[in-house]
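Structural features, examined
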Amino acid sequence: MNGRSIQFGELTLSPLLDGYFRLDGGAMFGVVPKPLWEKRAPADERNRITLGMRPLLVTGEKLMLIDAGAGGKMDPKSVDIYGIDRRRNLSHSLAERGLAAGDVELVLASHLHFDHVGGFTTRESSGEIRPTFPNARYVVRTTEWEDATHPHERNRASYLQEDFVPLEAAGVLDLVDGDAQIMPGVRVRWTGGHARSHQVVMIESAGRTAVFTADMIPTAAHLDEPWIMAYDLYPMETLAFKRAFVREAIDHEYLIFFEHDPKIAAGYIREKARGKYVEPVMCD
Ligand SMILES: [Zn+2]
């Protein structure tokens, strides 16, 4: 999918790639037994499955990036634990479209876990950490900022302060309350579930809707209602959201962008007698 984009009404949608990483397959599918999930997502010798990191570039009134992958700040031990493979990363993805970090004007976070916002900041050779996108404002939901900067034992490993605290120091952070419109055609929608203030991004133009589902439906393998990550802090919220949202997505033909699918960047959710499935629109 190198350099490919989808014209979506007046907006252009470009799924980018910040490489791949690996997480425990059991943690990714919660209560679903391994004999079932490994048919959809084969595990390596450490029981990990491969996931993509796919930020979405929206070209509209401004050049907007939604999430930014894990970025390059991780130490070698974490790179090994998470099997991070960024041989193809966000800067390559931008370059394929003739863009550089300085072109991005707006950066939006679905939530502040490291696999979504590690790329928000970069460590200089001097050791200093600065915003990766020097000309961008960074938009974060207020309550997510509060949770991320006050982590507890259950979410501390996911919120790495160096990913987002430097944004405040640099004066580029915009905290936004509620389900706000971020730019024309782009608004956020609260889901809860994965984190108290996790949100998806609704993209609407010319009567069509696309949705960046972040960690609510991280891969096409997570469509079925009980296939919920063990990482989720509020799994019953995830269940309720998915139940309503998947119906809505089928009925209104939402174009879904899967942030963590190892192959499918975008697709439509369809329904047959034997169940729901994803019809891919853009794959690696
Ligand atoms: Zn994630």
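The structure this text deals with has already been given above.
Now for a quick tour of the structure. Owing to the predicted nature of the structure, the values given are computational and were not obtained by experimental measurement.

For the rest of this paragraph, the subject is the coordination of the zinc ion. Bound to the zinc ion are the protein donor atoms D115 (OD), H116 (NE2), D215 (OD), D215 (OD) and H260 (NE2), situated 2.0 to 2.7 Å from the metal. In primary-sequence terms, the residues that donate to the zinc ion follow D-H-x98-D-x44-H. One end of the pair, D115, is in helix α5 (residues 114-117); the other, D215, is in the loop between β15 (208-212) and α8 (235-251), with 100 residues separating them in the sequence. Owing to a relative accessible area of 8%, D115 belongs among the buried residues under this scheme.

On to the packing of aromatic side chains, then. In this structure the tally under the stated criterion is 9 aromatic pairs. When the ring of F133 is compared with that of Y138, the centres are 6.4 Å apart and the planes differ by 45°; the resulting orientation is tilted. Accessibility assignment for this pair places F133 and Y138 in one class, buried. Ring centres of Y159 and F164 lie 6.5 Å apart, and the angle between their planes is 85°; this geometry places the pair in the edge-to-face category. The exposure class assigned to Y159 is buried, which follows from its relative accessible area of 4%. The class of F164 is buried, set by a relative accessible area of 0%.

Before going further, it helps to examine unusual backbone geometry. One non-glycine residue, N47, lies in the positive phi region at around 65°. Along the chain, N47 falls in the loop between α2 (34-40) and β4 (48-52). Even without being a glycine, E253 presents a positive backbone phi close to 50°. Turning to its location among the elements, E253 is positioned in the loop between α8 and β16 (255-257). With relative accessibility at 45%, the residue E253 sits in the partly exposed group.

Right, let's get into the sheet that holds β16. One open sheet accounts for 7 strands, arranged β12-β13-β14-β15-β16-β17-β18; its pairing is mixed. The open sheet is flanked by β12 (181-183) and β18 (275-283), the only strands paired with a single partner. Neighbour-to-neighbour, the strand axes of this sheet turn through a mean angle of 30°, independent of strand direction.

Moving on to helix α6 (residues 142-149). Within α6, the full set of buried residues consists of T142, E144, W145, D147 and A148. At its buried positions, α6 is contacted by β10 (137-141), α7 (165-169) and β11 (173-176).

Attention now moves to the nonpolar core. If you look at the biggest cluster of nonpolar residues, it comprises 28 residues, and the most contacted ones within it are L13, V58, M64, I66, I182, I203 and F257. With 3 residues, the top contributor of residues to this core is strand β17 (residues 264-272). When near neighbours in sequence (up to four residues on either side) are disregarded, V58 contacts L11, T12, L13, L63, M64, I66, M183, V186 and I203.

Here we come to the pattern of salt bridges. If you walk through the whole model with that rule in mind, you get 22 salt bridges. Notably, a salt bridge pairs R54 with D284, separated by 2.9 Å at the nearest N-O pair. Of this pair, R54 sits in the loop between β4 and β5 (56-59) while D284 sits in the segment after β18, and the two are 230 residues apart along the sequence. Accessibility expressed as a relative area gives 39% for D284, which makes it partly exposed. One connected set of salt bridges, linked through shared partners, spans R247, D251, E271 and K276.

The next point concerns the environment of F258. Mapped onto the secondary structure, F258 falls in the loop between β16 and β17. When near neighbours in sequence (up to four residues on either side) are disregarded, F258 contacts R54, T213, I217, P218, T219, A220, I264, A265, G267 and V278.

Take the sheet that holds strand β1 (residues 6-8) next. Spatial ordering of the open sheet is given by β1-β2-β5-β6-β7-β10-β11, a layout of 7 strands whose pairing is mixed. Looking at strand neighbours, the two that pair on one side only are β1 and β11, the edges of this open sheet. This sheet shows a mean twist of 25° between the axes of neighbouring strands, independent of strand direction. Here strand β6 (residues 63-66) pairs with strand β7 (residues 106-108) via 3 bridges, running parallel. Along β7, the bridge assignment pairs I66 with L108. Along the sheet, α6 contacts β10 and β11; its crossing angle with β10, the most-contacted strand, is approximately 85°.

Rules used in this analysis
Residues numbered from 1 in each chain as written. Predicted model: local features only at pLDDT ≥ 70, side-chain atom pairs only at ≥ 80, totals over all residues. Heavy atoms only, no water. Donors = N, O, S within 2.8 Å, 3.2 Å for Na, K, Ca; no water. Helix = DSSP H or I, 4+ residues; strand = E, 2+ residues; numbered from the N terminus. Buried < 20%, exposed > 50% of the residue type's maximum accessible area, 1.4 Å probe, protein only. Phe/Tyr/Trp six-rings, centres within 6.5 Å; stacked < 30°, edge-to-face > 60°. Pairing = 2+ DSSP bridges. Axes fitted to C-alpha atoms, helices over the stretch in contact; angles between N-to-C directions. Contact = heavy atoms within 4.5 Å. Core = buried A, V, L, I, M, F, W, Y, C linked by side-chain atoms within 4.5 Å. Salt bridge = Lys/Arg side-chain N within 4 Å of Asp/Glu carboxyl O.

Any functional reading would require information that these geometric values do not contain.
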